[in-house]
Amino acid sequence: MLFFSMAAYYPLLGRYYQELGFSGTQIGVLFSTATFITMFMQPVWGLICDKKGKCKGAFILMHVVIALIILFVPYIKNYWLLLMVMSAHFTFQCGLFPLLDTMIYKDSYDFGSIRLWGSIGFSAMVLFSGRISELIGLKSMFFVYSLFMLVSLAVALKIKEVENISAEKKQTEKKGIKSLFKKNYILFSIMGFFTMGAFITGSQYFSILFSDKGGSMTTFGITYFFFAISEVPFLKLSKKIIRRYGAERIILISGIILLARNFLYMSAKTYQILLYTSILMGSFIGLLLPAVAVFIKEKTEPENRATAVTVYSAISMGLGPMIFQFSSGIIYDFVNISAIYMFLCLLILIGISISRILENDSKRSRRVSSKTIKA
């Protein structure tokens, strides 16, 4: 339900800003300011939840505040007022997914088997959101978003969360936080900065790209449906794939897939190319998210896992997109939409290089462990 509600507005946000008459630079500022707030607030939400030992209270609060704030958006035409309201919205919205992920990590559930229902929910709504927006207007999608956030809230109230084990927590808390700054976690976060930053930026400008290539909002909804639904089989099989090849290698492969995807966007001449190849694109998220979940679970202390998740999210979904969205807005103003995706390809190449280092370090660690066991 959470992903279902998000699909009502998120893929169309760039097109909505464009419809209001904002320039590429203004759109870049709107996107980047939201992610600037995300960068700072996600670790704050993680620290609060780690201190309390539970995430559910904050998770519920976010639903309530978001459902109320978003109702003001359709009535705002002033650029600076919209910037303030959307910033307030993202202050709470940015914590939803990291806290949901953390609640999954704390139990014994297979991450991919839970997260695939997010892809199903997202694809179910996005299939119709483009057509609905054409019938009732883009601004009306914010009311749909608010309504289904309340439905998501009703389900969230029923969640039974596993509480953190707090024995000797004060003694282990400092150790857990320090463990985040080991070499592999730092490299992992830098990789997320480039790879996820490029992915999120490309996703937010995608509605503009699709429109510029001649596609309608109805066709856009169908395209996004294939994006989302194609994630499901990869999420379902992710546990077996990661167990066989390792999280680091899957992160590397995901980066290569994302590079191919953005190169295709850069070179596409018509929207039909984007539509016909959309079903191949779900492999990136379908493989990356479970691999990230495994990496974090293996490399961080349990009592500080919410902090680990939110710090990574702040860097990969906050700092990276903030810089790249603003830069992309300027590129759009002075060049064109295809140049944005050329820029993103360069960023992804950097992320792939760092992923390769992580994979090599993992191979060395396994060889050392194997020699130790034999000895």
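Residues numbered from 1 in each chain as written. Predicted model: local features only at pLDDT ≥ 70, side-chain atom pairs only at ≥ 80, totals over all residues. Heavy atoms only, no water.

Quick word on the packing of aromatic side chains
In step 1: A complete count under the given rule lists 30 aromatic pairs for this structure.
In step 2: With centroids separated by 5.8 Å and ring planes inclined at 50°, the aromatic side chains of tryptophan 45 and phenylalanine 92 adopt a geometry described as tilted. Of this pair, tryptophan 45 sits in helix α3 (residues 24-52) while phenylalanine 92 sits in helix α5 (residues 79-93), placing them 47 residues apart in sequence.
In step 3: An aromatic cluster is present here, built from Tyr9, Tyr10, Tyr16, Tyr17, Phe22, Phe31, Tyr79, Trp80, Phe142, Tyr145 and Tyr205 joined pairwise through their rings. (Phe/Tyr/Trp six-rings, centres within 6.5 Å; stacked < 30°, edge-to-face > 60°. Helix = DSSP H or I, 4+ residues; strand = E, 2+ residues; numbered from the N terminus.)

Let's talk about α5
In step 1: With 15 residues, α5 should reach 21 Å at 1.5 Å per residue; the first-to-last C-alpha distance of 20 Å fits that figure.
In step 2: Those residues of α5 lying buried are Tyr79, Leu82, Leu83, Val85, Met86, Ser87, His89, Phe90, Thr91 and Gln93.
In step 3: Where α5 begins, the capping side chain belongs to asparagine 78, and its oxygen is found 3.0 Å from the backbone nitrogen of tryptophan 80. (Expected span 1.5 Å × (residues − 1). Buried < 20%, exposed > 50% of the residue type's maximum accessible area, 1.4 Å probe, protein only. Polar contact = N/O pair within 3.5 Å; in protein donor to acceptor, adjacent residues only side chain to side chain.)

Details of the nonpolar core
In step 1: In this structure, Tyr17, Phe188, Phe206 and Tyr341 are the most contacted members of the largest nonpolar core, which totals 107 residues.
In step 2: In terms of residues, this core owes the most to one element, helix α10 (residues 183-212), which gives 15 residues.
In step 3: With residues near it in sequence (within four places) discarded, tyrosine 17 still touches Phe22, Ile27, Leu30, Phe31, Leu82 and Met86. (Core = buried A, V, L, I, M, F, W, Y, C linked by side-chain atoms within 4.5 Å. Contact = heavy atoms within 4.5 Å.)

Topic: the side chain of serine 313
In step 1: Relative to the helices and strands, serine 313 resides in helix α16 (residues 305-334).
In step 2: With residues up to four places along the chain from it excluded, the contact list for serine 313 reads Gln42, Pro98 and Gly318.

Considerations on the environment of tyrosine 145
In step 1: With respect to the helices and strands, tyrosine 145 occurs in helix α8 (residues 141-156).
In step 2: Judged by its relative accessible area of 0%, tyrosine 145 is buried.
In step 3: Linking tyrosine 145 and alanine 7, residues 138 residues apart in sequence, is a C-alpha distance of 7.9 Å.
In step 4: Apart from the residues lying within four places of it in its own chain, the contact partners of tyrosine 145 are Ser5, Met6, Ala8, Tyr9, Ile66, Ile70, His89 and Gln93.
In step 5: In this structure the side chain of tyrosine 145 is engaged in a polar contact, spanning 3.0 Å, whose partner is the side chain of histidine 89.

A word on the pattern of salt bridges
In step 1: Under the counting rule described, the total for this entry stands at 3 salt bridges.
In step 2: For glutamate 359, the salt bridge is made with arginine 249, and the minimal N-O distance between the two is 2.8 Å. Here arginine 249 lies in helix α13 (residues 247-267) and glutamate 359 lies in helix α17 (residues 337-374), a separation of 110 residues in the sequence.
In step 3: Linked through salt bridges whose partners overlap, the residues forming this network are Arg249, Arg356 and Glu359. (Salt bridge = Lys/Arg side-chain N within 4 Å of Asp/Glu carboxyl O.)

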